[in-house]
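Notes for the structure review
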Amino acid sequence: MHLLSRCSAALLCCLLALPLSAQSTSTPRAPVEAYTLDLSQGSATTAQVRLLPAELKAGLKTLVLTGALSSDRNGDFRQIRDLCPNVEVLDLSAATCTEIPDNAFLGHRGLRKVVLPQGVKRIGRQAFFNCKNLQEVVLPSAVEIIEDGAFNGCTALRKLDTSRATLRNVGFAAFEGVPTAQLPQPTFDLWAKAAQEKYSLIPYPAQLEVQQGKALDVSRIGKIEAAPELANEASYARRILRDRAGLNVLRGSAKVQLLLDATVQNAEGYELTANKKGIVIKGSTPAGVFYGLTTLDQLLTAQPQSLEPVKIVDAPRTRVRELMVDPVRTFIPFAELKRMVTEMARYKYNALHLHLVDDQAWRIEIKKYPRLVAESSLRPAMDDMQYTSPGFYTQDEMRELVAFAAQHHIMVIPEIEMPGHEVAAIHAYPQLTVGNKKVPVRTTSGVSNNLLNPASEFTYQFLFDVFDELAKVFPAPYVHLGGDEAGNPPLDDWTTDSACIALKEKLGITTRDRSENWKLQKYMFDRVIAHLRDKLGKTPMFWYETDFKEIQPGCITFAWRHGLTKTAIDAARANKAKIMLCPGEHCYLDYPMDKGDLPEVNWGMPVTSLKRVYELDPRWGQDDEFERDFLFGVTGTLWSECMPQPERVYYQAFPRAMALAEVGWTPQARRNYDHFLRRLQLIQADQLRRGYPSSSRFAGYDQLRKEEVPATHSK
Ligand code: TNX
């Protein structure tokens, strides 16, 4: 990529037409700026960008395709979106296809000009979502359908002539943020349809009673009254009134009252009443009041002018409702982390877990070890994506994030992996590993057998220093230590090394094969846990693995492996540890939501459907004692090996993270999947309008938007 971007301007203009033989996978000798893939003269008539060499794809600026375009799993559209990030001009005028698939170019930052094939009739949902540099699209006259969010966020798009097209359907928020004048209007009033569901609340509250009486004229709200401790919540309330009801200036006799009231039982619980005089929200803490406000925000989404009297009494089911993001495999720009926080807050999440280091990069500044970010924050070309993903967070940025998240009652939990998934650190400081091996930062996903060395004091000094610095940045009482996939594949790195053998002897470990290597991991964990607890006052968390056979009491263990949740629960109970539920089959949001949904190309991920997420009962067949004393919360994971653009994190997260929010918050008896889907319509439409992409690949998506809302569902 870098080689190509350094090319001279003259080369920019040259259009190289390579014959079919260019299918060879070798790297071309000279850098190529432009490419015509014309297969029409050979026997094949398919465009197949797949056949181009990976490095060529990563650097291409102009791409002209002829022949039939394929939109299957690893077809031409996926290839351009994920593997050709620098394509600026995409000329498909001589290619054929009848539709531009959903999400075809979602988040593509290179595209400036796209000429679509003559025969295109449909432009799919979110097809050009957030193509921020896209200036011109040449639409053929055949185009009849432009789906929801198709050009949403294309803020540079100035040339889009739809006058020749015979548009039958134009979707919701298809042109949100597009500055061009005279854009086609949506043909279906999705918003009005979805807003018929007046209580489109996610997560659904524990109690909701529709009251008698006159509705509140929202425009008459003249005042927000709040105790000084609730200044942050008062400003959130002001924002809600502005965003939902357009109230920039408050005038009128109705009011919003925010009250601290110790009689509200749960620290995160709240009571909300609305009547013609105004809105009262009570909580025993600012967090409770804040959650009441997020409910008010959703009430006003459906009823922005006239709010019908209602009383809501609500409290969460589980203590911690978390999303984990992975800025390692694909860097997440700092601003996007903030956008994630504001979005999570809407659904009453209270923890953002940052997976800050892994084999492919180290993403957090550590002042005492500057080589970590200097040498290991690039994420080199990985798997079939032959381009880098550079970036790291400074400690100042993380402080800003922590403060911002705190305003949204979200704590930020850092994760530093050990002893596995640490190749990036080992690359910068080879003394961290057995034999001081200088290893490259990992360029594929998967599991490495390069581990931290348990028999070297440098390892402990390093970890203590890192945690000491992080403790000054992240005030959350929890720190995640990773611990996954270090024994699977087995910890062979530790089997033959003489220092590891000597440590085994010292610890009374008699075996010399790999069977008790886990005891060295335990030794490492015990020392780090003691430091975290005694010196820093932190509670450790880690990913549960069966081959790591002991858990210290009071720790929080994450049940993540498909099919092993019961085993993890039993181990947590036996060891008096708490358990965070994130079983792969319900909570892995990096997996596709449906067959063929993004990420279409992955390492063989199973599908985690929206329904499957919703079906998680965090009690997991256990007793009351489990829910009260052992269940810590629920986590949705967003590993990013297969999400090459930042907005893909949102696409994977939503709407499943809404289902998971309800899993973690709403009492089981109040949950119903069909009802959830009806409430989701307005929430998802609102989210799209606000510039967040999401998946629509769940049963009933299209049908739900067309059918009438039955009266029974309006409560
Ligand atoms: C396993 S889940 C991992 C991660 C990968 C993920 C991909 C876990 C604790 N470890 O390193 O990113 O699979 O889904």
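Residues numbered from 1 in each chain as written. Predicted model: local features only at pLDDT ≥ 70, side-chain atom pairs only at ≥ 80, totals over all residues. Heavy atoms only, no water.

Some details on empty space enclosed by the protein
Selection rule: A 1.4 Å probe that fits but cannot get out identifies a cavity on a 1 Å grid over protein atoms alone, an open set with protein on both sides within 12 Å along at least five of seven lines counts as a pocket, and a residue lines either if it has an atom within 4 Å of a point. Grid points are joined across faces, edges and corners, and a volume is the space filled by probe spheres set on the points. Each helix is a run of H or I in the DSSP string that is no shorter than four residues. Each strand is a run of E no shorter than two, and both are numbered from the N terminus. The nonpolar class holds Ala, Val, Leu, Ile, Met, Phe, Trp, Tyr, Cys and Pro. Asp, Glu, Lys and Arg form the charged class, and all remaining residues, Gly among them, are polar.
Inspection of every chain in the model, using the stated rule, returns 5 cavities of 30 Å³ or more. In this structure, the largest cavity occupies an estimated 120 Å³ of space. Of all the elements in the fold, those that place two or more residues in the lining of the largest cavity are helix H21 (673-689) and helix H22 (701-706). Ranked by residue count, the leading element in the lining of the largest cavity is H21, at 6 residues. Of the residues contributing to the lining of the largest cavity, the split by class is 8 nonpolar, 2 polar and 3 charged. Around the second largest cavity, the lining residues are Ser-200, Arg-244, Asp-297, Gln-298, Thr-301, Arg-346, Tyr-347, Leu-682, Ile-683, Asp-686 and Arg-690. Among the elements of the structure, helix H7 (286-302) and H21 are those that each provide at least two residues to the lining of the second largest cavity. Along the lines of polarity and charge, the residues of the lining of the second largest cavity split into 3 nonpolar, 3 polar and 5 charged.

Some details on helix H10 (residues 395-407)
Applicable threshold: Helix span, as expected, comes to 1.5 Å for every residue beyond the first. Relative accessibility decides the category of a residue: with a 1.4 Å probe and only protein chains considered, values under 20% of the type maximum give buried, values over 50% give exposed, and everything between is partly exposed. By arc we mean the arc of the directions from the helix axis to the C-beta atoms, nothing more. We call two residues contacting when some pair of their heavy atoms lies within 4.5 Å.
The terminal C-alpha atoms of H10 lie 19 Å apart, and with 13 residues this matches the ideal 18 Å at 1.5 Å per residue to within 8%. Listed as buried for H10 are Gln-395, Met-398, Leu-401, Val-402 and Ala-405. The arc that holds the buried residues of H10, viewed along the axis, is 110°, so those residues lie on one side. Residues of H10 that are buried in the fold lie against helix H8 (334-346), strand S23 (351-355), strand S24 (411-418) and helix H12 (457-473). Just beyond H10, the residue with positive phi is His-409, at close to 55°.

Details of the pairing of S24
Along any regular strand, the residues point their side chains to alternate faces of the sheet. To keep things clear, this is the line we draw: Two strands make a pair as long as DSSP finds a minimum of two bridges between them.
For S24, a buried count of 7 out of 8 residues is recorded, marking the element as mostly surrounded by other parts of the structure. Direction of pairing for S24 relative to strand S25 (residues 478-482): parallel, over a ladder of 2 bridges. In the sheet register, Glu-415 faces S25, and the bridge partner there is His-480.

Let's talk about helix H20 (residues 656-665)
Where burial is concerned, most of H20 is hidden: 10 out of the 10 residues are buried. Those residues of H20 lying buried are Arg-656, Ala-657, Met-658, Ala-659, Leu-660, Ala-661, Glu-662, Val-663, Gly-664 and Trp-665.

Some words on the sheet that holds strand S14 (residues 207-210)
Backbone-to-backbone hydrogen bonds join strands into a sheet, with any given pair of strands oriented parallel or antiparallel. To keep things clear, this is the line we draw: Whenever a helix is involved, its axis is fitted only over the stretch in contact; in every case the axis is a line through C-alpha atoms, and angles between N-to-C directions fall within 0 to 180 degrees.
Reading across from one edge, S14-S21-S18-S19-S17-S16 is the order of the 6 strands in this open sheet, with mixed pairing throughout. The open sheet has two edge strands with one neighbour each: S14 and strand S16 (221-226). For this sheet the average axis-to-axis angle between neighbouring strands, irrespective of direction, equals 5°. When S14 meets strand S21 (residues 310-314), the two strands line up antiparallel, connected through 4 bridges. For Val-210, the partnering residue across the bridge sits in S21 and is Val-310.

Points about the site of the ligand
The condition that has to hold: The cutoff for a nearby residue is simple: one of its non-hydrogen atoms must lie within 4 Å of the molecule or strand. Between N or O atoms, a polar contact is any pair within 3.5 Å; within protein, one atom must be a potential hydrogen donor and the other a potential acceptor, and residues adjacent in sequence are included only when both atoms are from side chains. Using a 1.4 Å probe, the Shrake-Rupley method yields the accessible areas, and only the shown protein chains count as cover for residues.
Around the ligand lies a shell formed by Arg-329, His-421, Asp-484, Glu-485, Trp-543, Trp-560, Tyr-588, Asp-590, Tyr-591, Trp-603, Trp-639 and Glu-641. In this structure, an oxygen atom belonging to the ligand sits 2.9 Å away from a side-chain N or O atom of Arg-329. Measuring from a nitrogen atom of the ligand, one finds a side-chain N or O atom of Asp-484 at 2.7 Å. If the ligand stood free it would expose 360 Å²; the protein chains cover 95% of that surface. Taken together, the residues of the shell around the ligand sort by class into 6 nonpolar, 1 polar and 5 charged.

A few points about the side chain of His-409
Counting through the fold element by element, His-409 comes out in the loop between H10 and S24. Side chain to side chain, His-409 and Glu-233 meet in a polar contact 2.7 Å long. The contact partners of His-409, leaving out residues within four places of it in the chain, are Asn-232, Glu-233, Pro-286, Ala-287, Phe-290, Tyr-291, Tyr-349 and Asn-350.

Quick notes on the sheet that holds strand S11 (residues 145-146)
Sheet architecture is open: 4 strands sit in the order S7-S9-S11-S13, paired in parallel fashion. Both outer strands of the open sheet, strand S7 (99-100) and strand S13 (169-170), are each paired with one neighbouring strand and no more. Pairing geometry for S7 and strand S9 (residues 122-123), over 2 bridges, is parallel. Considered in S9, the bridge of Glu-99 is made with Arg-122.

Quick look at the pattern of salt bridges
Heads up, the rule is: Whenever a carboxyl oxygen of Asp or Glu lies within 4 Å of a side-chain nitrogen of Lys or Arg, that contact is scored as a salt bridge.
The tally for this structure, following the rule as stated, stands at 54 salt bridges. Across the salt bridge formed by Arg-81 and Asp-82, the nearest N and O atoms sit 2.8 Å from each other. Arg-81 sits in the buried class, given a relative accessible area of 2%. The shortest N-O distance in the salt bridge between Glu-336 and Arg-339 comes to 3.4 Å. A residue pair is termed a helical-turn pair when its members lie 3 or 4 positions apart in one helix, as Glu-336 and Arg-339 do in helix H8 at 3 residues. According to the relative accessible area criterion, Glu-336 is buried, its value standing at 17%. Here the salt bridges share partners, and the residues they tie into one network are Arg-244, Asp-297, Glu-343, Arg-346, Asp-686, Arg-689 and Arg-690.

Examining the nonpolar core
Worth spelling out the cut-off: Take the buried Ala, Val, Leu, Ile, Met, Phe, Trp, Tyr and Cys residues and link them wherever side-chain atoms come within 4.5 Å; each set so joined is a nonpolar core.
In terms of nonpolar packing, the biggest core is built from 165 residues, with Leu-258, Ile-279, Leu-354, Trp-362, Met-398 and Phe-676 touching the most fellow members. Excluding anything up to four places from it in sequence, Phe-676 contacts Ile-202, Leu-610, Tyr-614, Met-658, Ala-659 and Glu-662. Membership of the second largest hydrophobic core comes to 42 residues, among which are Ala-47, Leu-52, Leu-90 and Ala-150.

A closer look at the confidence of the model for the chain
Stated precisely, the cut-off is as follows: Scored from 0 to 100, pLDDT records how confident the predictor is in each individual residue.
With 92% of its residues at a pLDDT of 70 or more, the chain has an overall mean of 91. Element-level pLDDT for the chain is lowest in helix H2 (residues 9-13), with a mean of 25, against a maximum mean of 99 in S23. Across residues 39-44, where pLDDT falls below 50, the model places 8 contacts with residues more than four positions away in sequence or in other chains. Across residues 709-715, confidence stays below pLDDT 50; counting only partners more than four residues off in sequence or on other chains, it has 14 contacts.

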